[in-house]
Each structure stands twice: as C-alpha cells, then as structure tokens.
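Report on the structure
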Amino acid sequence: MNSGAAANLTDPGKTKSVVIVGGGTAGWMTAAYLKAAFGDRVDVTVVESAQIGAIGVGEATFSDIRHFFEFLRLEESDWMPACNATYKLGVRFEDWREPGHHFYHPFEQLGSVDGFSLSDWWLRMPQSSRFDRDCFVMAALCDAERSPRYADGTPLAQGVFENVGDGQSARSNIAEYQGAQFPYAYHFEAHLLAKFLTKYGTDRGVKHITDNVVDVALDHQGFVSHVNTAENGTLSGDLYIDCTGFRALLLKQALGEPFVSFQDTLPNNSAVALQVPMDMERKAIRPCTTATAQDAGWIWTIPLISRIGTGYVYADEYLSAEEAEKTLREFVGPEAADVQANHIKMRIGRSERSWVNNVVGIGLASGFVEPLESTGIFFIHHAIEQIVRYFPGGRDDDVRRDAYNRSIEHVMEGVREFLCLHYVGAKRADNRYWKDTKTRKIPDALAERIEIWKHKVPDSESVYPYYHGLPPYSYNCILLGAGGIEVKHSPALDLADPTAAQVEFDRIRQKADKLVQELPSQNEFFAAMRAN
Ligand code: FAD
C-alpha cells in the first residue's frame, strides 16, 4: 500500500479502541503501525504474557519491509543498530540441485529485450551455467559478500541499474524498474525489533500491559465483548487483534474459526533453531539468507552483527527431533556446542478467515508457511497495511471484512504455490524425502502453470494472478536455479536478432564486476559504521 493512503481512513474526531493480544513481532509491528497511521484517533492497548514467550525466530525479511519502516518515518540509522541488523540482497539456495551447487533468488527485477524476458534469452544463449549470475547484478554481489551501500553510506539503489540495460533503446525495460525494486531487505534480531517497536509504540501512546489473557468473552452476536486478564481485570475495545502466535487464542480458540492446513502440499512441520554467538568481525557477514538443502528439509543461516540465527526446518514424518538437532549442530560446528536448542512445531496453513466479527488474526495466529522465502513478517506487514486500508467502521462491515479476507487468502495461497515450486522444481531426488517432493500433490493451478512454464518462462500472465508479493522474476529464479524442470526457450528467439540481448548480458556482467570492486564487504561496512 502506498504509505500516504492511511491518513483519512477514520471519521475525524471519532476515537476507536484496539486491543492487541500478544506482543511478539506481530503484536508490536501492528501497534506501531496503527499509531503511525492514526495517531491519537485510535487507542491501542497491547497485552502480552510474561510467561508465554514470543517464538524467538523470524529474523529474515524481504524487500517490501522497507515500506514498513518508511511508514513509521524511521531511517535505517534509527533502528538498525538497535536491532543488530544486517543487509540482505536475496536468498542463497545451496544443494537444491546437487551437492556443491548454489543459486540466488535476489531482490532484482529481470530485464527484457525485444519483448522477451532475459530469462528466455538466457535459455536461447546461456552465457555460463549460472542463470542468476548472467541475468542479475545482485548474484555477483552476494557471491562476493558485498554491502548494498558504499562505505560513505550511499545506497546502491541510487546507482545500481543506471548503466545496466539498454539505456539508449526502448527495447530494454531495465532502466524502467530503477527505483521500482528496492534492492535489499534486512536481517535483524527478532526480540530486539519487538523491544524497539515497544518503545516506538509506547512513546506514541500505546498502553502496554504485561499479563495473561485468561478468558475471552463473547456477546450474543458472537463478537468479543471483552477479554479477562489474570491481574489487570477486563480489557475491551472496538477491534481485537489476535497476535497470540500459533495458539490463536481469539480467532481459533474463542471463535472456533476453522484452519486450512497446507500440510498435504508442504509437509515440513517442525523446526529446531539455534542462536549461535560468532565473531562476525572474523566471519563473513553474507548479504543473504542461506537455505541449505538437507536430507529431510533445509537449514537456514541468517548472519547478524554478533551471532547467526540458524535452524533446521524438516518434516517429522522423515526425521526425529533428536536427529534434526544433531544434524544442525554438526552443520554449525563447535560454536553451537553450548547453545540451547529451540524445538518448534509449526502449524502450516491459514485460518479460513483471518477477520471474523471484531477479531483479526495477524502473524502466526492468522497463518504461516515454512520460512523458506522469509514470508512470515511479510504476511504481518501485508495484513497490517490491509487492516488500515479496510479499517472497520462498525458491525455491519461484511463487505470490508470479505475484501480483507480475500486479500489475505490470496497472499497465502500464492506463496504456497511459490514454495511448492521449490520442491517439485528441485533437481535433488536422492532419498525418500526428495523423491517424494516430485510425486507429492501440488495445487492444481500450479501443476497447470508448470506445464506452461516448460514451454514459456513465467510471466505476469502465467504466475499466480493475485498479489502475493512475488513477481514473475522470482518464479524464473527458482525454476531456472533449482534445475529439476526442463524449460525451453521461445522458438521465436531462434528467428530473432540476438545482438541486443548479448549487449544486455555484457552490460550486466560489466556492472557486476564494477560494483564488486567498488562496494565494501558487509563486514567492512558495519565496522566503519561502528567506528563513526
Ligand atoms: P509469537 O512470536 O509466538 O508471539 C505470541 C505473543 O502472544 C507473545 O508475546 C505471547 O506472550 C503472547 N501470548 C500468547 N498467549 C497469550 C495470552 N494468553 N495472554 C497474553 N499474551 C499471550 N518469518 C520471517 O519473516 N522470516 C523468517 O526468517 C522466519 N523464520 C521463521 C522460522 C520458524 C521456525 C518459524 C516457526 C517462524 C519463522 N518466521 C519467519 C515467522 C515469524 O517468526 C513470525 O511471523 C513472527 O515472529 C510473528 O510471530 P507472532 O508475533 O505472530 O507470534
């Protein structure tokens, strides 16, 4: 949503009250955003339990997160140091094709030449075996572990694409997307972000109560009338936001809203996580989240300023919790020896409706898919934007509620398709887990799309048709990177003049080489930041 769009969404002068149950990432992102959107015209209360902790993971984002911080009028220097944040240029997938292979899903649009996507041209005339290196500048920056900002702090966004693409010709669209795509996202420590947003919210009037909600009371129409806390009496509001995580205390437990499981198509339902202190001044701070394929799932690695966040996401049908923890510890090495493991059962899927009566579930209470593309916080951000956009006026809000619920459903179903593509599209098929990824049920619509993509690379006409945060280029990255599905170039390209496409490939390579030389490593960048 355009960040200016929220300003006039309430009747002037009419105060509304919102009770947010839960103070994890979802609760505090929502509270901060509502204050930024509505100021004093909305009373916001956050009640969070001291006994029930936040989930403690969720530290990689994707590039739309920039709009969240912009909406809060925050500069990177305001929040990044407080959250031990680093930059992320994309996701690095290791061993999804075969051992030793890697490819990126970077935050960078794909160019086109003469009306054909550069990926189509690449299939016709591959420059190397690396689709990502040939078609994106960012892949080289990830390989070279560069920062997306120059040492003086100038962001890459202001210059990265200007000489890439055919600036003299209307045939390339690369110059057009300059500014449209923000080239990076962030990694941050989840609990530090919640702490930072707690201060941001309470400084702006959010009432913060530390207590357990022990009961949710409904009126005769099934709307929540109030919630009872253990020590602070009752809390009531016009709108209740359920941010209680997988418990979904209001949406599921009190209102009984059914849950649509994605388990049949995405079987990974467990994770074990470690927060491993590291001397990151000696170890490279990779500017990407890494997803390394394993025997029964994959391991994430998120580099932060003084530690890494890591975890094994797996299907318990194929691997026990003990084996997963052992594998993860071996993967990390001796640094993990004394670190306590956090075992998590994941509820994969979505609430049938996320907004029911006067309750809106946001975050894990609404839905979740495994974190392969860091979409959890994106779901939260999207939901908050939508709840501001469709902010309720009264009980007869069916139209707004339905529109909101459709939007949440589309985002989650679209991401589900995209994640399924990772598994069915991965070349790896060396054990039962990976063999099963080739025969497991996938959404029917995705199966039809894959048949199309075998003959025509994904474009806006063939990917999931509703907004879900992932443009066609993302599908190209997975399809051509993971390598398990053969894709043919358009026959028309055998008849077309390839000169302009070759110019495009050459320019991308030259630009990448230049930037690798010019940009500091993340370690150098953050060391310079600390020194200033
Ligand atoms: P929680 O963090 O579980 O917070 C729940 C809150 O509710 C807590 O404050 C708790 O105290 C409160 N609460 C519960 N019951 C009560 C009660 N009765 N009374 C009062 N308060 C109560 N997302 C990403 O974007 N990127 C990632 O890299 C990523 N990795 C992930 C890895 C794993 C293994 C998992 C499971 C998730 C990951 N996610 C990721 C998702 C991300 O962690 C969540 O979307 C995010 O943390 C939001 O969680 P939450 O606030 O909804 O729930």
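The following paragraphs examine the structure supplied in this document. On a predicted model such as this, the values are computed, not experimentally measured, just so you know.

1. Concerning the pattern of salt bridges
When charged atoms on two side chains of opposite charge get close, those side chains can pair. One pass over the structure, following the stated rule, counts 34 salt bridges. Taking the shortest distance from any N to any O, the salt bridge between R124 and D494 comes out at 3.8 Å. One end of the pair, R124, is in helix α4 (residues 118-124); the other, D494, is in helix α15 (residues 492-495), and 370 residues separate them in sequence. Exposure remark for R124: the relative accessible area of 25% places this residue in the partly exposed category. Look at D494 and you get partly exposed, because its relative accessible area is 48%. The partner of R416 in a salt bridge is E413, and the shortest N-O contact between them spans 3.3 Å. Residue R416 and its partner E413 are both found in helix α11 (residues 398-424); the two are separated by 3 residues, about one turn of the helix.

2. Topic: the environment of V214
Relative to the helices and strands, V214 is located in strand β10 (residues 213-218). Sequence separation between V214 and V227 is 13 residues, and the spatial gap between their C-alpha atoms is 7.6 Å. Every residue in contact with V214, bar those within four places of it in the chain, is listed here: N228, T229 and A230.

3. What about helix α12 (residues 432-439)?
Among all positions in α12, only Y433, W434 and T437 are buried. Seen along its axis, α12 keeps its buried residues to an arc of 95°; they face one direction. A distance of 3.2 Å separates the backbone nitrogen of Y433 from a side-chain oxygen at the start of α12, and that oxygen is part of N431.

4. A closer look at the sheet that holds strand β12 (residues 234-235)
Pairing within the open sheet is antiparallel, and its 3 strands lie in the order β10-β11-β12. Edge positions in the sheet fall to β10 and β12, since each has one partner strand and no second.

5. Some remarks on the sheet that holds strand β9 (residues 207-210)
If you trace the 6 strands from one edge of the open sheet to the other, you get β9-β2-β1-β13-β22-β21, paired in mixed fashion. Of all strands in the sheet, those with a lone pairing partner are β9 and β21 (355-356), marking the two edges. By the bridge criterion, 4 bridges tie strand β1 (residues 16-21) to strand β13 (residues 239-242) in an arrangement that is parallel. Across the sheet, the residue bridging to V18 is L239, located in β13. Across the face of the sheet, helix α1 (residues 25-38) comes into contact with β1, β2 (42-48), β9 and β13 while running at roughly 170° to β2.

6. Looking at the side chain of Q522
Here Q522 lies in helix α17 (residues 522-531). Once residues within four sequence positions are removed from consideration, Q522 is found in contact with T86, Y87, E145, R146, S147, I285, R286 and P287.

Conventions and cut-offs
Residues numbered from 1 in each chain as written. Predicted model: local features only at pLDDT ≥ 70, side-chain atom pairs only at ≥ 80, totals over all residues. Heavy atoms only, no water. Salt bridge = Lys/Arg side-chain N within 4 Å of Asp/Glu carboxyl O. Helix = DSSP H or I, 4+ residues; strand = E, 2+ residues; numbered from the N terminus. Buried < 20%, exposed > 50% of the residue type's maximum accessible area, 1.4 Å probe, protein only. Contact = heavy atoms within 4.5 Å. Arc of directions from axis to C-beta. Polar contact = N/O pair within 3.5 Å; in protein donor to acceptor, adjacent residues only side chain to side chain. Pairing = 2+ DSSP bridges. Axes fitted to C-alpha atoms, helices over the stretch in contact; angles between N-to-C directions.

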